[in-house]
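Summary of structural features
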Amino acid sequence: MISVNPKGEVWVFAEQHGGKLEDIGLELLGRARMLGDKLGVKVGAVLIGDQIKGLAEKLCQYGADSVYVLENPLLEHYQTNSYAKVIDDLIHKYQPQIMIYGASPCGRDLAPRVASAIKAGLTADCTDLQIGDHESKAEGKTYKNLLLQIRPAFGGNIIATIINYDRWPQMATVREGVMQMPIPDVKRKGQIFAEKITIQQSDLPVEIIREHKQGKKVNLKASRIVVAGGAGVGSKENFRLVWDLANALGGSPGATRAAVDLGFIDRDHQVGQTGTTVRPSLYIAIGISGAIQHQAGMSDSQKIIAINNDPTAPIFDVAHYKIVGDLNDIVPKMVKAIKARV
Ligand SMILES: Cc1cc2nc3c(=O)[nH]c(=O)nc-3n(C[C@H](O)[C@H](O)[C@H](O)COP(=O)(O)OP(=O)(O)OC[C@H]3O[C@@H](n4cnc5c(N)ncnc54)[C@H](O)[C@@H]3O)c2cc1C
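Now for a description of the structure that goes with this document. (Residues numbered from 1 in each chain as written. Predicted model: local features only at pLDDT ≥ 70, side-chain atom pairs only at ≥ 80, totals over all residues. Heavy atoms only, no water.)

Comments concerning the pattern of salt bridges
For the coordinates displayed, the defined rule picks out 17 salt bridges. We note a salt bridge from aspartate 133 to lysine 144, for which the minimum N-O separation is 3.4 Å. You can see aspartate 133 sitting in strand E8 (residues 128-136) and its partner lysine 144 sitting in strand E9 (residues 141-153), a full 11 residues away along the chain. Classification of aspartate 133 as partly exposed rests on a relative accessible area of 42%. Look at lysine 144 and you get exposed, because its relative accessible area is 56%. In this structure, aspartate 266 and lysine 217 form a salt bridge, with 3.0 Å as the shortest nitrogen-oxygen distance. Taken together, the residues aspartate 266 in the loop between helix H6 (257-261) and strand E15 (282-286) and lysine 217 in the loop between strand E12 (191-194) and strand E13 (225-229) connect sequence positions 49 residues apart. Through salt bridges with shared partners, one network takes in Asp23, Glu27, Glu176 and Lys221. (Salt bridge = Lys/Arg side-chain N within 4 Å of Asp/Glu carboxyl O. Helix = DSSP H or I, 4+ residues; strand = E, 2+ residues; numbered from the N terminus. Buried < 20%, exposed > 50% of the residue type's maximum accessible area, 1.4 Å probe, protein only.)

Here it is as structure tokens:
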């Protein structure tokens, strides 16, 4: 645990793999910038790997004022122990007040290890991060300018705001796609610090012999049109309707968790709290009730069309265009009409 340091920077773990920055770190820099500006402190990015110095400039373009580069051949591949150790050392050296990580497989593994080593708190899977005060009635005291770590709790039935007033740095993970990626400013420059590292082979208990990476089957985040199906579609065979409409519109097929659990489509297509967060120009929800966990991943879409035979379905609360009826009648007609126009 480090001291409470209101002058400390706001840090982002800038995840990279194979010399390529992951989107999540860039998305987080946008929010870190907002938090840093509110607190009147600098934003720092922590970049770890081997031969990765060249990535630092890009992090400045996305909002970092300082980039801490931890470069060493022993850090070429992500490993929990080695990465946690160098971050732990860096936190003790610079005493940041906030550190945020992506809720990626790597961030989810690393952040708790750092939190445990440094005896700080950690809130996982935040959907929002703000700065605010906390009044402790018991102590008769107000804690100013804390990180408000906001996330759904109790199965998404409540939105909890979690604070950490004495176990700093205040740390959180955020799911990919939740924060909007900032527009880079190619003229923006920052300070780059090549950090000295004390790490040795014994800090690496795992020997990596070979890496096998499997990319996602679909990039829902980058799709301008998402056509998503739910349990109401009825079967894997009938899910062909969702694929047909997505193909006719040049979009990507998405799904609810229920549709995924029923085996209608692969998990990479899941939209929502535990799937991907999307903000396409057009989102078409077919046979989807609109549970809060699903809405968490799609309600920021620019235009939403919902097709459901239940006029009281909650999806209609967020839809711009509401079609009440049987999807088996409506979707083929839509596909036919679209094909007739092109
Ligand atoms: C911790 C947690 C995390 C979760 N994460 C996610 C997540 O990331 N994403 C997600 O989607 N869910 C998630 N869920 C699950 C979520 O709570 C819902 O169970 C799920 O979204 C429901 O999916 P659905 O709308 O496909 O199914 P249902 O709720 O069963 O809805 C089916 C809909 O289809 C309609 N329908 C049926 N037949 C027809 C027809 N012929 N024509 C037109 N409409 C028809 C029905 O009226 C109904 O509204 C999560 C749950 C928990 C507890």
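Quick look at the site of the ligand
Not every one of the 25 residues close to the ligand is listed here, only the nearest: Ala231, Thr256, Thr274, Ser289 and Gln293. Between the ligand and the protein, one listed contact pairs an oxygen atom with a side-chain N or O atom of threonine 256 at 2.6 Å. Within the side chain of asparagine 308, one N or O atom sits 2.7 Å away from an oxygen atom of the ligand. Elements supplying a minimum of two residues to the shell around the ligand: H6, helix H7 (292-295) and helix H9 (327-341). Split by residue class, the shell around the ligand holds 6 nonpolar, 16 polar and 3 charged. (Near = heavy atom within 4 Å. Polar contact = N/O pair within 3.5 Å; in protein donor to acceptor, adjacent residues only side chain to side chain. Nonpolar A, V, L, I, M, F, W, Y, C, P; charged D, E, K, R; others polar.)

Quick look at the side chain of glutamate 15
By the element assignment, glutamate 15 lies in the loop between strand E1 (10-13) and strand E2 (16-17). The charged side chain of glutamate 15 is buried without a salt bridge, its nearest counter-charge being lysine 213 at 9.7 Å. Other than its neighbours up to four places away in sequence, glutamate 15 contacts Lys20, Leu21, Glu22, Ile24, Ser104, Cys106 and Gly107. (Lys, Arg positive; Asp, Glu negative; His and termini not counted. Contact = heavy atoms within 4.5 Å.)

Observations concerning unusual backbone geometry
In this structure, the amide linkage connecting tryptophan 168 to the following residue, proline 169, adopts the cis form with an omega of 5°. Checked against the element boundaries, proline 169 lands in the loop between strand E10 (158-162) and strand E11 (170-174). Phi at aspartate 125 takes a positive value of approximately 55°, unusual for a residue other than glycine. The residue aspartate 125 is located in strand E7 (residues 123-126) in this model. Assessed through its relative accessible area of 18%, aspartate 125 is described here as buried. If you check the backbone angles, asparagine 145 has positive phi at about 50° while not being a glycine.

Section: the sheet that holds E8
Strand order across the open sheet formed by 3 strands is E8-E9-E10, with antiparallel pairing between neighbours. Two strands in the sheet have a free side with no partner beyond their single neighbour: E8 and E10. Across the sheet, the mean angle separating the axes of adjacent strands is 40° when strand polarity is ignored. In terms of strand pairing, E9 meets E10 through 5 bridges, oriented antiparallel. (Pairing = 2+ DSSP bridges. Axes fitted to C-alpha atoms, helices over the stretch in contact; angles between N-to-C directions.)

Some remarks on the environment of glutamate 71
For glutamate 71, the position within the fold is in strand E5 (residues 66-71). Excluding residues within four positions of it along the chain, glutamate 71 makes contact with Gly49, Asp50, Gln51, Ile52, Lys53 and Ile197. Within polar-contact distance, the side chain of glutamate 71 engages the backbone nitrogen of glutamine 51 at 3.2 Å. Among the polar contacts listed, one links the side chain of glutamate 71 to the backbone nitrogen of lysine 53, at a separation of 3.0 Å.

Some details on the sheet that holds strand E14 (residues 252-255)
Read across the sheet, 5 strands follow the order E14-E13-E15-E16-E17 without closing on themselves; strand pairing throughout is parallel. Across the chains shown, the open sheet's two edge strands, defined by having one partner strand only, are E14 and strand E17 (321-324). Neighbour to neighbour, the strand axes of the sheet diverge by 20° on average, direction disregarded. Sheet analysis places E15 next to strand E16 (residues 303-308), joined by 5 bridges and oriented parallel. Its bridge partner being in E16, leucine 282 is matched across the sheet by lysine 303. Contacts from helix H5 (residues 240-249) reach E13, E14 and E15 within the one sheet, and its direction differs from that of E13 by about 170°.

A word on the nonpolar core
Residues Leu29, Leu47, Leu59, Val67, Ile100 and Leu129 are the most contacted members of the largest nonpolar core, which totals 34 residues. Those elements giving two or more residues to this core turn out to be E1, helix H1 (23-39), strand E4 (43-49), helix H2 (56-61), E5, strand E6 (98-102), E8 and E11. Counting residues per element, this core draws most heavily on H1, which supplies 7 residues. When neighbours within four sequence positions are excluded, leucine 59 is seen to be in contact with Ala14, Leu21, Leu26, Leu29, Ala45, Leu47, Ala64 and Val67. Grouped together as the second largest cluster of nonpolar side chains are 29 residues, Tyr68, Leu75, Ile87 and Ala120 included. (Core = buried A, V, L, I, M, F, W, Y, C linked by side-chain atoms within 4.5 Å.)

So, helix H4 (residues 105-118)
In this model H4 runs 21 Å from its N-terminal to its C-terminal C-alpha over 14 residues, within 8% of the 20 Å that 1.5 Å per residue would give. Every buried residue of H4 is listed here: Cys106, Gly107, Leu110, Ala111, Val114, Ala115 and Ile118. Taken down its axis, H4 places every buried residue within 135° of arc, on the same side. Away from its buried face, by an angle of more than 90 degrees, H4 presents the exposed residues Pro105 and Ser116. Of the surrounding secondary structure, the elements contacted by the buried residues of H4 are E1, E2, helix H3 (80-94), E6 and E11. Downstream of H4 by a residue or two, lysine 119 has a phi angle that is positive, lying close to 60°. (Expected span 1.5 Å × (residues − 1). Arc of directions from axis to C-beta.)

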